[in-house]
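Observations on the model geometry
Chain residues, written in single-letter form:
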Amino acid sequence: MVAISRNHDLSLLQHIGGVKGAVEKLKSNPEKGLSNDETDLVSRKKAFGSNTYPRKKGRSFWRFVWEACRDTTLIILMVAAAASLALGIKTEGITEGWYDGGSIALAVLIVIIFTAVSDYKQSLQFQNLNEEKQNIQMEVIRGGQRIKVSIFEMVVGDVVPLKIGDQVPADGLVITGHSLAIDESSMTGESKIAHKDPIRVPFLMSGCKVADGYGTMLVTSVGINTEWGLLMASISEDNGEETPLQVRLNGVATFIGIVGLSVAIVVLLVLLIRYFKGQTKDPDGHAEFTAGKTSVGDAINGFVKMFTVAVTIVVVAVPEGLPLAVTLTLAYSMRKMMADKALVRRLSACETMGSATTICSDKTGTLTLNQMTVVEAHACGKKIDAPDNKSLFPPMVISFLVEGIAQNTTGSVFVPEGGGALEVSGSPTEKAILQWGVNLGMDFSAARSDSVIIRTCPFNSEKKRGGVALKLSDSEVHVHWKGAAEILLESCSSYIDANDCEIQMDEDKLSHFKKAIDNMAARSLRCVAITYRLFEVEKVPTSDEELENWQLPEGDLILLAIVGIKDPCRPKVRDAVQLCTNAGVKVRMVTGDNLQTAIAIALECGILGSNKDVSEPNIIEGKDFRNLTETQRLEMADKISVMGRSSPNDKLLLVQALRKRGHVVAVTGDGTNDAPALHEADIGLAMGIQGTEVAKESSDIIILDDNFASVVKVVRWGRSVYANIQKFIQFQLTVNVAALTINVVAAISSGNVPLNAVQLLWVNLIMDTLGALALATEAPTDHLMHMKPVGRREPLITNIMWRNLLIQALYQVTVLLVLNFRGRSILNLDHETNDRAFKLKNTLIFNAFVLCQIFNEFNARKPDEMNVWKGLTKNHLFMGIIALEVVLQVIIIFFLQKFASTVRLSLELWLVSIGIGFVSWPLAILGKLIPVPDKHFLEYFKKKSDQQRTPNGG
């Protein structure tokens, strides 16, 4: 079978009896499929393999360690550590001389391990999400029943129903096909659509998409035995996608890195000049270098120490934590969004969703429950009050309705062998109509065997109808159509009355049915018309080729019934729409349904505020929007709240117009025809339950429960991603500015730096890895949904962030530099020896600096709110990281004096350190009272430079 499928060997297939023979050989059944016996399924998996393929292994942990080691600044530090170690051991002996170099080496090692562990965990996270992304749920027929299984659970011999938009789950053969056309471009590279049938072209390839029609297939080979499996096994999933925000942040990091490198070079030059001029003093006040007296070893040792300080300035300046923070917050958000029923297919969608200014939402299944039932019917020229009562319909109408409902459908009715309730499957609309047919006494199997389908025209979003031509045993041909009521009504020339007589459709009856449609639509019922007509047998094409191109007749139809299908609004959808409105995100409904139905649902959902809003340009029909000029469409797009009777192309035109108006557009869709709009939108949201594989493939995020409330949760998470990264930037830049300024000023003025290499590496660890973990994993809050959407080109560092950053950095620099130059007298350390006083003062500066960052981490949680402790107890990770930082700081001061060049501090000096850190809190509250302008301060500089460039100042 594998050879037949892979080589598309038609002669060998015919030799075993064609598709029918293949079904028998695989011990399957073309109608009932395999039995649902677990033992049989397991034995088939063992015999033919499972529908999975070996994945290329992800990068190992040691690969991440190796990549972390390749960081340029860390390599320089390792070289400096090695030189310091060698010189230290040579001058002071092995017992005392290894401390400086060993401390730097150990600090670098900790940074490498932290970075590698963090990156490795995130790569595993993305790997799991990619596997989830490929786990497609599809229907199979087992034991005569349609059941949903994972694509990975399909076995050879399975019978799979296929419809427009499905992905072919394995290699196989067409058992039955009605206008079945397959897009094989993913396998052959050719965009030509291939038409399939059981006799001439029965071969189906895994991974291809159903472009048109419907049918059933027999699975003949799975997993690695398919071309798709071989292809997928040879390529590895690439997780190297960089989001726009990561690209922007890499630019910021590079710029800051260049500034840091420039500062480090200046500092190194100043330190070297001061050292070799003899201006650098030791704690006792003696010059560290005296020409002709200082040994070469001591001079080199002095140079290595100064070089290490310069390199460490670069380490602190380069914000390696920025890309890490983005990766962390994206991975964390993606995991949490899965719990909120949203599967992220493209990383960039996470952050883009936070910028969304408008959502173009589908109606059916997204705003409504998609649990449809027929609640009203109009037939025989009148309203049928009890649509399920068979006795209210004349026999001929019942006969034609049953025939049309059973054959003109992509759904099915399963009768359990042991008795019990019937199981109806298919799309929600199909299920509602099939259930209505059952209520009218339809025997699904018998009705389907009474006639043969000779041509189908699958439901089309453009035409809003689907049809079928049937050949009956008495050589009659019936054409049945089903679709949008007001569109099909225009094609009806007659109807059947209560006496089973065909009556011409006059103006009165036409207006009666139109009024009925409007009444049902106004009550948010979906209106579907069921029609038929007789067709002359002699006019039906006889050859297969002509039959394939035969257009079913669409005129002179006889109206059988118009049914009203109720699809109730989802609970809480009104609250979700209100949340979006409060957040500055406009929700627009774009639906293929009747405009009256759309208006009724829009009023119920809160998309339209009241009946006063029910007027143009708030509401529009797709064809009217389509007929506008491009300029008119641009003007109109902003005002549209509801678009009814829209084709997929209308949806695409609306998305394009909104994007040209500067909107960041999110679009929800489920059909194959929604793919262009999903692809065109900034964020495409496909429906996980009703969505076709083509729609999912074109989307960025899959909404697993098809619920609009989940779309709103995605907006919340998108805003949270952006807000968390801003929090981290504010926190990290405060540390960068403060550490750089303190060390540069101290180095230039005294030749010594209060914060040494190991201490700065520890601070770097706090702000890069631990800070990113703490701030990048903040859960979204309601506060985020009361802010305006972030624009496309909004500056990353806002005026509020600049204000907070400068206040904290200025405070830290001022206090710690005062301690550096006047600390001995302020702290009353005159009774201590010079060396002890020097170390106490520097240890206090280091301790106070670290505690300032720990206190400021709380401020960074809420850059624009007074209460920075709100929701703190819910964020266990944040509290755990703060506790870890405090514990490690205590250990460094008390037990790792040699490692960090510190001394133990007394209780009083600990209280002084805590006091200095604590002031960050009231200072942040006072700072938030200072108003900031809405216009970003960089724009003022732009204006000035523009004015200077323009002649005569303007």
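In this text, all values refer to a predicted model and were calculated from it rather than measured experimentally. Residue positions are given per chain, counting from 1 as you read along its sequence in written order. The predicted origin of the model limits local features to residues at a pLDDT of at least 70 and limits the giving and counting of side-chain atom pairs to 80 or more, whereas totals for whole chains, interfaces and linings rest on all residues. Processing note: side-chain calculations cover all non-hydrogen atoms of the structure and skip hydrogens and water entirely.

**Side note on the overall build of the chain**
- Broken down by element type, the chain carries 36 helices and 26 strands.
- The rule is simple: take the accessible area with a 1.4 Å probe, protein chains only, and divide by the maximum for that residue type; under 20% is buried, over 50% is exposed, in between is partly exposed. Within the chain, the fraction of its 954 residues that count as buried is 54%.
- Contacts are residue-level and defined by heavy atoms, with any inter-residue pair within 4.5 Å sufficient. At a minimum sequence separation of 6, the contacts of the chain that also span at least 24 residues come to 73%. Here a helix means four or more residues in a row that DSSP labels H or I, a strand means two or more in a row labelled E, and each is numbered from the N terminus.

**A few points about the packing of helix H34 (residues 907–918) against helix H35 (residues 920–927)**
- Axes, fitted as lines to C-alpha atoms, cover a helix only where it is in contact. Angles between the N-to-C directions of the axes lie from 0 to 180 degrees. Between H34 and H35, the least distance of the axes is 5 Å, while the angle of their chain directions is 15 degrees. As far as their axial angle goes, H35 and H34 are roughly parallel. For the pair H34 and H35, contact is made by Ile916, Gly917 and Phe918 and by Ser920, Trp921 and Pro922, respectively. Roughly parallel here means an angle under 35 degrees, roughly antiparallel means over 145, roughly perpendicular means 65 to 115, and every remaining angle is called oblique.

**Some thoughts on the pattern of salt bridges**
- Throughout this description, the term salt bridge denotes a Lys or Arg side-chain nitrogen within 4 Å of a carboxyl oxygen of Asp or Glu. Overall, the coordinates contain 30 salt bridges when judged by the stated rule.
- Glu67 serves as the salt-bridge partner of Arg63, at 3.7 Å between the closest nitrogen and oxygen. With Arg63 and Glu67 both in helix H5 (residues 61–69) and 4 residues apart, this pair spans about one turn of that helix.
- For the salt bridge of Glu486 with Arg645, the shortest nitrogen-to-oxygen distance reads 2.5 Å.

**Some words on the packing of helix H24 (residues 630–637) against helix H25 (residues 648–660)**
- With their axes 9 Å apart at the nearest point, H24 and H25 run at an angle of 75 degrees to one another. In terms of axis orientation, H24 runs roughly perpendicular to H25. Across from Glu630, Arg633, Leu634 and Ala637 in H24, the residues of H25 making contact are Leu653, Leu654, Ala657, Leu658 and Lys660.
- For this classification, Asp, Glu, Lys and Arg are treated as charged, while Ala, Val, Leu, Ile, Met, Phe, Trp, Tyr, Cys and Pro are nonpolar and the rest, including Gly, are polar. The residue makeup of the contact of H24 with H25, split by class, is 6 nonpolar, no polar and 3 charged.

**A short note on the state of the cysteines**
- Defined by distance alone, a disulfide is two cysteine sulfur atoms within 2.5 Å. For the coordinates displayed, the defined rule picks out 0 disulfides.
- In this structure Cys605 is not part of a disulfide, and its nearest cysteine sulfur, from Cys569, lies 3.3 Å away.

**Considerations on the nonpolar core**
- We define the nonpolar core as a collection of buried residues of types Ala, Val, Leu, Ile, Met, Phe, Trp, Tyr and Cys that are connected through side-chain atoms lying within 4.5 Å of one another. Among the nonpolar cores identified, the biggest contains 127 residues, and Ile607, Val642, Ile683, Ile701, Phe708, Ile729 and Phe849 are the most heavily contacted of them.
- For this core, the element with the most residues is helix H28 (residues 708–750), which contributes 17 residues.

**Digging into the sheet that holds strand S8 (residues 342–344)**
- Taken together, the 8 strands give an open sheet; going across it, the order is S8-S26-S25-S24-S9-S21-S23-S22, and neighbouring strands pair in mixed fashion. Only two strands of the sheet have a single neighbouring strand rather than two, namely S8 and strand S22 (619–621). Across this sheet, the average inter-strand angle for adjacent strands is 20 degrees, counted without regard to direction.
- Strands pair, by our definition, only if DSSP identifies at least two bridges between them. Bridge analysis of strand S9 (residues 358–361) against strand S21 (residues 586–590) gives 4 bridges, and the strand direction is parallel. Each residue of the ladder has a partner; that of Cys360, found in S21, is Arg588.

**Examining a nonpolar patch on the surface**
- Patch criteria: residues need more than 30% relative accessible area and no salt bridge. Like-charged residues are merged within 9 Å; nonpolar side chains of Val, Leu, Ile, Met, Phe, Trp and Tyr are merged within 5 Å. Each accessible area value is a Shrake-Rupley result obtained with a 1.4 Å probe; residue values ignore everything except the protein chains displayed when judging cover. A contiguous nonpolar patch, built from Leu106, Leu109, Ile110, Ile113 and Val117 and spanning about 370 Å² of accessible area, is present on the exposed surface.
- Position of Leu109 relative to the elements: it lies in helix H8 (residues 99–134).
- Leu109 gets classed as partly exposed once you look at its relative accessible area, which sits at 43%.

**Considerations on empty space enclosed by the protein**
- Whether a set of points on the 1 Å grid over the protein atoms alone is a cavity depends on a 1.4 Å probe fitting there but being unable to get out, while an open set qualifies as a pocket with protein on both sides within 12 Å along at least five of seven lines; lining residues are those with an atom within 4 Å of a point. Grid points are joined across faces, edges and corners, and a volume is the space filled by probe spheres set on the points. Evaluated as defined, the whole model comprises 2 cavities of 30 Å³ or more.
- Computed from the structure, the largest cavity encloses a volume of approximately 70 Å³.
- Together, Gln730, Asn804, Ile807, Gln808, Asn856, Asn859, Ala924, Gly927 and Lys928 line the largest cavity.
- When contributions to the lining of the largest cavity are tallied by element, the ones reaching two or more residues are helix H30 (799–826), helix H31 (834–861) and H35.
- Considering every element that reaches the lining of the largest cavity, the biggest residue donor is H30, with 3 residues.
- By residue class, the composition of the lining of the largest cavity is 2 nonpolar, 6 polar and 1 charged.
- Computed from the structure, the second largest cavity encloses a volume of approximately 30 Å³.
- If you go around the second largest cavity, the residues you meet are Gly404, Ile405, Asn408, His480, Trp481, Lys482 and Ile530.
- Where the lining of the second largest cavity is concerned, the elements lending two or more residues are helix H15 (395–407) and strand S16 (477–484).
- The element best represented in the lining of the second largest cavity is S16, accounting for 3 residues.
- Looking at the lining of the second largest cavity residue by residue, the classes come out as 3 nonpolar, 3 polar and 1 charged.

**Re the environment of Lys336**
- Mapped onto the elements of the fold, Lys336 is located in helix H13 (residues 321–339).
- For Lys336, a relative accessible area of 35% corresponds to the partly exposed category.
- Sequence-wise, Lys336 and Lys841 are 505 residues apart; in three dimensions their C-alpha atoms are separated by 46 Å.

**Some points on the pairing of strand S24 (residues 665–669)**
- S24 sits mainly inside the fold: 5 of its 5 residues count as buried.
- Side chains Val665, Val667 and Gly669 of S24 all project onto a buried face; the interleaved residues Ala666 and Thr668 project onto the opposite face, where all are buried too.
- Both S9 and S24 contribute to a ladder of 3 bridges, which runs parallel. Its bridge partner lying in S24, Thr358 is registered against Val665.
- Direction of pairing for S24 relative to strand S25 (residues 683–687): parallel, over a ladder of 4 bridges. Within S25, the residue paired with Thr668 across the bridge is Leu685.
- Since S24 and S25 lie parallel, the crossover through helix H26 (residues 675–680) that links them has a hand, and here it is right-handed. For a crossover, the right-handed case is the one in which the path from the first strand over the helix to the second runs clockwise, viewed with the strands pointing away from the viewer.

**Some words on the environment of Gly207**
- By the secondary structure assignment, Gly207 is in the loop between strand S6 (203–204) and strand S7 (209–221).
- Gly207 sits 39 residues away from Val168 along the chain, and the two C-alpha atoms are 5.5 Å apart.
- Look past the residues within four positions of Gly207 in its chain and what remains in contact with it is Gln167, Val168, Ser186 and Trp228.

**Overview of the confidence of the model for the chain**
- As a per-residue measure, pLDDT reflects the predictor's confidence and takes values from 0 up to 100. The predicted model of the chain averages 84 in pLDDT, with 91% of residues at 70 or higher.
- Low confidence marks residues 949–954, where pLDDT is under 50. Its contacts with residues over four positions away, or in another chain, come to 1 contact.

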